[in-house]
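# Remarks on the overall topology
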Amino acid sequence: MKKYFILIVGLMMAFPLFGQQKVWVFLSDKGNCVEEQLQQPENFLSAEAIENRKLHGISIDESDLPVVSAYVEQLKMHSHQVVGTSRWLNAVAVELTPDCVEEVEALDFVTGLRPMQSLVKSSATAEEDSGPIESAWPRYIDTKAPFDYGEATLQNNMLNIAPLHERGITGRGVRIALFDAGFSGADTIDVFDSLWTNKRIGGYYDYFDDEDKVFEDHSHGTQVMSVIGANLPGEMVGMAPHATFFMFRTEDGRTETKKDEYTWVKALEAVDSLGIQIVHSSLGYSEFDNPADDYTYEEMDGNTAVITVAADRAAAKGIIICTSAGNEGAGSWRYITAPCDGDSVICVGSVNQYENLSRFSSVGPSADGRIKPDVVALGSRTTVASPRNYITRSDGTSFSGPLVAGLLVCLRQAHPDRSNMDIIQAVKLSGDQYAFPDNEFGYGVPNAVIADSLLTHVKDLSRVTRDDITEKPARGGQKKPTVSKTTEKPQGDKIVFAKNPQSNVMVSGGKLQLTTPSAIRDAYIMRGKQKVLLNPKLVEMGDKTAVFDLSGLLDGDHYIYIKTTQYQENVRFQR
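Residues numbered from 1 in each chain as written. Predicted model: local features only at pLDDT ≥ 70, side-chain atom pairs only at ≥ 80, totals over all residues. Heavy atoms only, no water.

### A few points about the side chain of Thr 304
Turning to its location among the elements, Thr 304 is positioned in the loop between β11 (278-281) and α10 (306-316). A residue is classified by how much of its surface remains accessible, and Thr 304, at 15% relative accessible area, is buried. Side chain to side chain, Thr 304 and Asp 301 meet in a polar contact 2.8 Å long. (Helix = DSSP H or I, 4+ residues; strand = E, 2+ residues; numbered from the N terminus. Buried < 20%, exposed > 50% of the residue type's maximum accessible area, 1.4 Å probe, protein only. Polar contact = N/O pair within 3.5 Å; in protein donor to acceptor, adjacent residues only side chain to side chain.)

### Structural notes on the packing of aromatic side chains
Under the defined criterion, the tally for this structure stands at 15 aromatic pairs. Judged by centre distance (6.0 Å) and plane angle (65°), the rings of Trp 196 and Phe 215 are edge-to-face. Of the two residues, Trp 196 is situated in helix α7 (residues 193-197) and Phe 215 in the loop between β7 (201-206) and α8 (220-229); the sequence distance between them amounts to 19 residues. Using a relative accessible area of 32% as the deciding quantity, one classes Trp 196 as partly exposed. Where Tyr 205 meets Tyr 207, the ring centres are 5.0 Å apart and the plane angle is 65°; that geometry is what we call edge-to-face. One aromatic cluster is present, built from ring pairs that chain together Phe 179, Tyr 205, Tyr 207, Phe 246, Phe 248 and Trp 264. Above the plane of the ring of Tyr 335 lies Arg 334, whose end atom (NZ or CZ) is 5.5 Å from the centre. Note that Arg 475 overlies the ring of Phe 441, its terminal NZ or CZ placed 4.5 Å from the centroid. (Phe/Tyr/Trp six-rings, centres within 6.5 Å; stacked < 30°, edge-to-face > 60°. Lys NZ or Arg CZ within 6 Å of the ring centre and 35° of its normal.)

### Focus: the packing of helix α11 (residues 397-414) against helix α12 (residues 420-429)
A pair of packed helices can be characterised by two numbers: the angle between their axes and the separation between those axes. Packing of α11 against α12 leaves a shortest axis separation of 10 Å and a crossing angle of 125°. Between α11 and α12, the crossing angle belongs to the class labelled oblique. Between α11 and α12 the crossing geometry is right-handed. Touching Val 404, Leu 407, Leu 408, Leu 411 and Arg 412 of α11 are Asn 420, Ile 423 and Val 427, all from α12. Counted by class, the contact of α11 with α12 contains 6 nonpolar, 1 polar and 1 charged residues. (Axes fitted to C-alpha atoms, helices over the stretch in contact; angles between N-to-C directions. Parallel < 35°, antiparallel > 145°, perpendicular 65-115°, else oblique. Left-handed = near helix turned anticlockwise from the far one by under 90°. Contact = heavy atoms within 4.5 Å. Nonpolar A, V, L, I, M, F, W, Y, C, P; charged D, E, K, R; others polar.)

### Thoughts on the pattern of salt bridges
Within this structure, the stated rule accounts for 21 salt bridges. The partner of Arg 53 in a salt bridge is Asp 272, and the shortest N-O contact between them spans 2.9 Å. With Arg 53 in helix α2 (residues 47-55) and Asp 272 in helix α9 (residues 260-274), this residue pair connects regions lying 219 residues apart in the sequence. Classification of Arg 53 as buried rests on a relative accessible area of 2%. Residue classification places Asp 272 among the buried residues on the basis of a relative accessible area of 3%. (Salt bridge = Lys/Arg side-chain N within 4 Å of Asp/Glu carboxyl O.)

### As for the packing of α12 against helix α13 (residues 448-457)
The N-to-C vectors of α12 and α13 enclose an angle of 130°; their axes lie 8 Å apart at closest approach. Looking at the two axes, α12 sits oblique to α13. Both α12 and α13 take part in a crossing whose hand is right-handed. Between α12 and α13, the residues in contact are Asp 422, Ile 423, Ala 426, Val 427 and Leu 429 and Ala 451, Leu 454 and Leu 455, respectively. Broken down by class, the residue content of the contact of α12 with α13 amounts to 7 nonpolar, no polar and 1 charged.

### A look at the pairing of strand β3 (residues 91-96)
Among the 6 residues in β3, 6 count as buried, and that is most of the element. The sheet contact formed by strand β1 (residues 21-27) and β3 spans 6 bridges and is antiparallel. Residue pairing for β3: Val 23 is matched across the bridge by Val 94. Taken together, the 5 bridges between strand β2 (residues 81-86) and β3 define a ladder with antiparallel strand orientation. (Pairing = 2+ DSSP bridges.)

### What to know about unusual backbone geometry
Going from Ala 338 to Pro 339, the amide bond is cis rather than trans, its omega being 10°. Residue position: Pro 339 is located in the loop between β12 (320-324) and β13 (346-351). Here the bond from Lys 372 into Pro 373 is cis, since omega is -5°, no more than 30 degrees from zero. Mapped onto the elements of the fold, Pro 373 is located in the loop between β13 and β14 (375-378). Despite not being glycine, Asn 90 shows a phi value in the positive range, around 50°. Considering the arrangement of structural elements, one finds Asn 90 in the loop between β2 and β3. Using a relative accessible area of 11% as the deciding quantity, one classes Asn 90 as buried.

### Some points on α11
Between its first and last C-alpha, α11 extends 26 Å over 18 residues, near the 26 Å set by a 1.5 Å rise per residue. Taking burial as the measure, the 18 residues of α11 include 17 buried ones, the bulk of the element. (Expected span 1.5 Å × (residues − 1).)

### Some remarks on the state of the cysteines
Evaluated as defined, the whole model comprises 1 disulfide. Through a disulfide, Cys 340 is tied to Cys 347; the S-S separation comes to 2.4 Å. Linking Cys 340 and Cys 347, the disulfide has an S-S dihedral of approximately 95° and is accordingly described as right-handed. According to the relative accessible area criterion, Cys 347 is buried, its value standing at 0%. (Disulfide = S-S within 2.5 Å.)

### Observations regarding a negative patch on the surface
Taken together, Asp 99, Glu 102, Glu 103 and Glu 105 make up a surface patch of like negative charges. Classification of Glu 103 as partly exposed rests on a relative accessible area of 41%. (Patch = residues over 30% accessible without salt bridge, like charges linked within 9 Å, V, L, I, M, F, W, Y side chains within 5 Å. Areas by Shrake-Rupley, 256 points an atom, 1.4 Å probe, with all protein chains shown as cover. Lys, Arg positive; Asp, Glu negative; His and termini not counted. Charge placed at Lys NZ, Arg CZ, Asp CG, Glu CD.)

### A look at the pairing of strand β18 (residues 511-515)
Going residue by residue along β18, you find Leu 512 and Leu 514 tucked away on one face and Lys 511, Gln 513 and Thr 515 left uncovered on the opposite face. As defined by bridge partners, strand β17 (residues 504-508) adjoins β18 across 5 bridges and the pair is classed as antiparallel. Considered in β18, the bridge of Asn 504 is made with Thr 515. Connecting the antiparallel pair β17 and β18 is a turn made up of 2 residues, with Gly 509 showing a positive phi of about 60°. Examined bridge by bridge, β18 and strand β22 (residues 545-549) share 5 bridges and lie antiparallel to one another. What sits directly across from Thr 515, in β22, is Thr 545.

Any link to function would need more than the numbers given here.
Here it is as structure tokens:
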């Protein structure tokens, strides 16, 4: 997660230029044939984009039209180079020398100029991966889920996505674009094999270098995409493994240049033209390289930053915009970064496995007092895929964000007729502290089943209140599962806990020691309905004895299933 400075669209005041510099040139209109052009939207929007607009009753308007080409040609005569255009902003990005500024400002179709400032790298970036997972966390396997989520089980189950997956709601047919610094290894690693084989890679482009190569740069986007789209049962399965993905490089992860903002907006406009329904961006913007020009917290008001204005414009056209809150919580900035301040953007903070707020997670509110972030998900020690083809873990809201984006993808598949804002509202309403929101957790941890139910049964979500939430959830420890005598274990038999166990089960020094009077055929640990798959290195199995290392287990009630040559039983114990 990086923080960047956002240009201000508001007042077009004069500014100094030293040498050649990139600037936005804002234009007055879209020409004289606006109505005629709007009658032929197929000339500037894809069939998918037009269909999306019709489905959700969203009109095609002047902002969809391209910049007037005659204006661009005239600007070329007064500048060193035209970098590109933005139809939504009705602006042209150009390189100017100081002696050209007055000439450009005097053009009758120009309303103002703003510099595209240099950007700086944040000191609060996500941690590098820690190498392949060996004996990190145990795996909690949901025996009812259609997938073995592998190392992604904890983060997926936190959002309760398995019941949707059981119904085949896995993102199929939904198009999502990821904006990032690069996707190194995304064309070769195993977790994405099925995406390529089944033609679920919709496209990719490098808007920063203006080329069709995205697999030779930064690996951050690969890790982000794996949280949503990984599909390697038993090792890692993401939140929406059957979605269709578009990979757009919008910045250089090694150095921050003047083009980052322009390329982000340009990619977003391409998303609209292509009919892509969802965008996730694990990027944020807040500071100049010159401290005197730093973006202020007061300007995080949802209406000032160019990137926020563009994000809200995309939302008005029916696109779901999901973005990470930022990793500034422990720094001097502390607050969310743009475009998270947008009122139509869903902003995602980070919690750890105990649902405590991650120390680095940026906080709210927005400068105008709105709740931000909107929701939270697992961003501490999140399971991701490495471009070097192994599963690892990494920290940052960069990885909590795509978890929620994956949920949004599944809800979009399940409810194609609902608006983008309805889906975002349902996710907020499903949060475990919706009735008691704050500016650290927002509305809390979303619940996929509740969000899906709301979209199914409630027409007007703006009138919904949650009276089932009477207080904020207790965080800081895993909720203890309720295990009844009728709970089924994987074999389908009823679990009956032995009142007078024949086996001797002792927990001491972080280990469980099992001793039985007859030879052990099988023994494993369960938590609620889920089998805990420990690394074999953590289990020492003998003839009539066994030792389990419990160092990776969550606190709370567990039981051990024991089968010997003479009996089988279930014995409760507490970690």
